[in-house]
Amino acid sequence: MAGAVRLEPVDERNLEPLLSVAAAEAEPSDVMPPVEAPAGWSAARREAFREFHRAHFGGFDGPTGTVMFAILLGGEVVGMIRMARRAEPGTVETGMWLGRSARGQGVGAAALRELLNVAAAHGMRTVAAETTVDNTGALGVLARCGAKLRSDGESVRAEICLDSAPPMP
């Protein structure tokens, strides 16, 4: 992996670079909730992407209880990882996406390890994630970071206990 992986909260400074990576290297359905808009990265979908991320600018203690982080590799935005409060005390949920050019290089695992450190610093005890059985990239990242995986049909629930140190790469 070339360069260090860092996380920085998504804000107006890095929102456009994040949108550029999403539009160039990901499908809309992989990076944002569905919206009524023409297919592909139309102007309406790009604006919906901006508004979706702006809604979370309040961060962990804001109205959505969610922090969206831009994933930076060597100073360049390559994807996003989020941390959202859950109803269960001491638990947050995470999810991430990476542009195609950043996949398969250990960036996802490095970003998740950084997020685990942030969650622990906020006093969290568990980080949960949900994905599908066919999302081998996410399953690999979760397993490398110490997640216990439980499969239920097509969905997989992952839990990472922060009481012990996450495994190193």
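Residues numbered from 1 in each chain as written. Predicted model: local features only at pLDDT ≥ 70, side-chain atom pairs only at ≥ 80, totals over all residues. Heavy atoms only, no water.

As for helix 3 (residues 43-54)
Under the 1.5 Å per step criterion, the end-to-end length of helix 3 is 17 Å for twelve residues, consistent within 8% with the ideal 16 Å. Of the positions making up helix 3, those classed as buried are Arg-45, Ala-48, Phe-49, Arg-50 and His-53. The inward-facing, buried residues of helix 3 abut helix 1 (12-25), helix 2 (28-31), strand 2 (66-73), strand 3 (76-85) and strand 4 (91-98). (Helix = DSSP H or I, 4+ residues; strand = E, 2+ residues; numbered from the N terminus. Expected span 1.5 Å × (residues − 1). Buried < 20%, exposed > 50% of the residue type's maximum accessible area, 1.4 Å probe, protein only. Contact = heavy atoms within 4.5 Å.)

What about the packing of helix 1 against helix 3?
Two numbers describe a pair of packed helices, the interaxial angle and the distance between the axes. It is the contact of helix 1 with helix 3, at a shortest axis distance of 10 Å, that shows an interaxial angle of 135°. Our classification of the angle between helix 1 and helix 3 gives oblique. Relative to helix 3, helix 1 is oriented so that their crossing is right-handed. Taking contact as the criterion, the partners of Glu-12, Leu-15, Glu-16, Leu-18, Leu-19, Ala-22 and Ala-23 in helix 1 are, on helix 3, Arg-46, Phe-49, Arg-50, His-53 and Arg-54. Of the residues that constitute the contact of helix 1 with helix 3, the class distribution is six nonpolar, one polar and five charged. (Axes fitted to C-alpha atoms, helices over the stretch in contact; angles between N-to-C directions. Parallel < 35°, antiparallel > 145°, perpendicular 65-115°, else oblique. Left-handed = near helix turned anticlockwise from the far one by under 90°. Nonpolar A, V, L, I, M, F, W, Y, C, P; charged D, E, K, R; others polar.)

Description of the environment of Ala-84
With respect to the element layout, Ala-84 can be found in strand 3. Placed 20 residues apart in sequence, Ala-84 and Thr-64 show a C-alpha to C-alpha distance of 7.8 Å. Apart from the residues lying within four places of it in its own chain, the contact partners of Ala-84 are Gly-65, Thr-66, Thr-91, Val-92 and Glu-93.

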